[in-house]
Amino acid sequence: MTKQRSSAAASLDSTDINERIRQLGRRRILELPQMLDFHLWLDGKRLARQSCRVVGESRTGKTISCDTYYLRCKVTQIPGEAPHIPVLYWHCPESLSVSRLFTGLLELTHYQATRGRIPELRERVYQVLGSCQVEMIILDEAQRVSAQALSEIRDISDILEIAVVLVGTDRLNTVIQRDDQVKYRFLSAYRFSHLGSEDLREMTALWEEHILQLPEPSNLANEKAQSLLSQATRGYIGVLDQILCEAAIRTLQMGKPRITLPTLRQVVKECSLITR
């Protein structure tokens with residue numbers, strides 16, 4: 001098997017290598033067991049129309065997991081009727097105001113009339129969300145939402161019985177605690193944590209098999225490679241993805257069939273979160 005993969009590496013021309021590098025540079029989705037567990041949790045919230053929070057540090061997998069869930073919930077439409085949009089996903093802009101919240105929600109449903117005063121926009125949003133049978137709204141980077149916009153989000157959840165998911169860093173917890181009515185609407189929370197040593201080893205093996213797909217196995221689950229990756233990533237899955245893909249790209253550029261320890265060490269040195 002190794003000989004077959006080595007011969008495949010030798011036959012790669014510059015076009016093949018460049019295409020493989022482009023693929024490694026694109027956004028990748030790997031449905032991990034942790035992601036599937038999170039999606040099951042979101043399914044329960046959507047069915048119960050229960051609003052909630054998703055909290056975790058940057059690069060722990062929140063955004064890709066939420067975006068994948070949104071993509072999984074397909075829009076359907078019967079000719080002559082409004083589309084059924086089960087889930088909306090929005091990456092909130094900085095200092096999100098009430099008017100920007102309403103126009104953003106209208107834009108997500110591809111509704112063209114997005115101008116007007118706040119009372120008019122509010123009425124329009126309620127009508128559109130209802131006609132599109134929206135069941136869940138996922139608001140990423142929700143720590144950017146203003147206090148007034150959070151009150152409007154709370155009302156959308158209550159009046160329309162839509163599950164609103166606020167996604168953000170630990171700053172989100174501070175933001176929602178400024179208003180008791182908002183805080184108690186979003187008590188339920190899912191936390192994205194750092195990878196432990198065993199999880200890191202499993203993720204590395206999965207990445208090598210399903211994402212990197214180099215001609216020969218690099219065996220990055222070995223102790224020396226894991227020691228390097230553990231110190232460099234500190235358990236952040238986003239950093240692990242960046243390091244492994246950069247190492248694979250560099251390996252392909254050098255015409256090698258697998259990632260060597262010196263190559264991994266060089267990439268780790270460049271990408272390490274540890275400051276000296």
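Cut-off values and rules
Residues numbered from 1 in each chain as written. Predicted model: local features only at pLDDT ≥ 70, side-chain atom pairs only at ≥ 80, totals over all residues. Heavy atoms only, no water. Helix = DSSP H or I, 4+ residues; strand = E, 2+ residues; numbered from the N terminus. Buried < 20%, exposed > 50% of the residue type's maximum accessible area, 1.4 Å probe, protein only. Contact = heavy atoms within 4.5 Å. Areas by Shrake-Rupley, 256 points an atom, 1.4 Å probe, with all protein chains shown as cover. Lys, Arg positive; Asp, Glu negative; His and termini not counted. Charge placed at Lys NZ, Arg CZ, Asp CG, Glu CD. Axes fitted to C-alpha atoms, helices over the stretch in contact; angles between N-to-C directions. Parallel < 35°, antiparallel > 145°, perpendicular 65-115°, else oblique. Left-handed = near helix turned anticlockwise from the far one by under 90°. Nonpolar A, V, L, I, M, F, W, Y, C, P; charged D, E, K, R; others polar. Expected span 1.5 Å × (residues − 1). Salt bridge = Lys/Arg side-chain N within 4 Å of Asp/Glu carboxyl O. Pairing = 2+ DSSP bridges. Arc of directions from axis to C-beta.

Draft legend 1. Representation of the overall build of the chain. Counting its secondary structure elements, the chain contains 13 helices and five strands. Once the C-alpha set of the chain is aligned to its principal axes, its extents read approximately 65 × 45 × 30 Å. Per-residue burial for the chain yields a buried fraction of 47% across its 276 residues. Here the analysis covers contacts within the chain between residues at least 6 apart in sequence; of these, 72% occur between residues at least 24 apart. For the chain, the exposed surface amounts to about 14,600 Å²; the carbon and sulfur share of it is 49%. If the 36 positive side-chain charges of the chain are averaged to one point and the 33 negative ones to another, these points end up 5 Å apart.

Draft legend 2. The packing of helix α12 (residues 237-253) against helix α13 (residues 261-271), seen in detail. Closest axis-to-axis distance for the α12/α13 pair is 9 Å, and the angle between their directions is 135 degrees. Comparing their axes, α13 and α12 come out oblique. The two elements α12 and α13 cross, and the hand of that crossing is right-handed. Only Thr263, Leu264, Gln266, Val267, Val268, Glu270 and Cys271 of α13 make contact with α12, whose side of the interface consists of Val239, Gln242, Ile243, Glu246, Ala247, Arg250 and Thr251. Looking at the contact of α12 with α13 residue by residue, the class counts come to seven nonpolar, four polar and three charged.

Draft legend 3. Region of interest: helix α6 (residues 118-131). The terminal C-alpha atoms of α6, which comprises 14 residues, lie 20 Å apart, in line with the 20 Å expected from a rise of 1.5 Å per residue. All of the buried residues in α6 are Leu121, Arg124, Val125, Tyr126, Val128 and Leu129. In this structure, the buried residues of α6 make contact with β2 (87-91), α5 (98-108), β3 (136-140) and α7 (147-160). Positioned one or two residues after α6, Gln133 has a phi angle of 55 degrees, which is positive.

Draft legend 4. Structural view of the pattern of salt bridges. The tally for this structure, following the rule as stated, stands at 16 salt bridges. When the shortest N-O distance is used, the salt bridge between Glu94 and Arg144 registers 3.4 Å. Taken together, the positions of Glu94 in the loop between β2 and α5 and Arg144 in the loop between β3 and α7 put the pair 50 residues apart, joining distant regions of the chain. Residue Glu94 is classed as exposed on the basis of its relative accessible area of 54%. Residues Glu216 and Arg258 are paired through a salt bridge, measuring 3.8 Å at the closest nitrogen-oxygen approach. Note that Glu216 is positioned in the loop between α10 (197-212) and α11 (223-233) and Arg258 in the loop between α12 and α13, a separation of 42 residues in sequence. Look at Arg258 and you get partly exposed, because its relative accessible area is 37%. When salt bridges with common partners are traced through the structure, they connect Asp43, Arg46, Arg72 and Glu135 into a single cluster.

Draft legend 5. Expanded view of the pairing of β2. Most of β2 is tucked away, with four of its five residues classed as buried. Here five bridges tie β2 to β3, and the two strands are oriented parallel to one another. Across the sheet, Tyr89 pairs through a bridge with Ile138, a residue of β3.

Draft legend 6. Here's a closer look at helix α3 (residues 33-48). Between its first and last C-alpha, α3 extends 23 Å over 16 residues, near the 22 Å set by a 1.5 Å rise per residue. Turning to α3, its buried residues are Met35, Phe38, His39, Leu42, Asp43, Lys45 and Arg46. Taken around the axis of α3, the buried residues stretch over an arc of 165 degrees, which confines them to a single face. Residues of α3 that are exposed and point more than 90 degrees away from the buried face comprise Leu40, Leu47 and Ala48. Tucked into the core, α3 has its buried residues touching β1 (52-56), α4 (62-72), β2, β3, β4 (163-168) and β5 (189-192).

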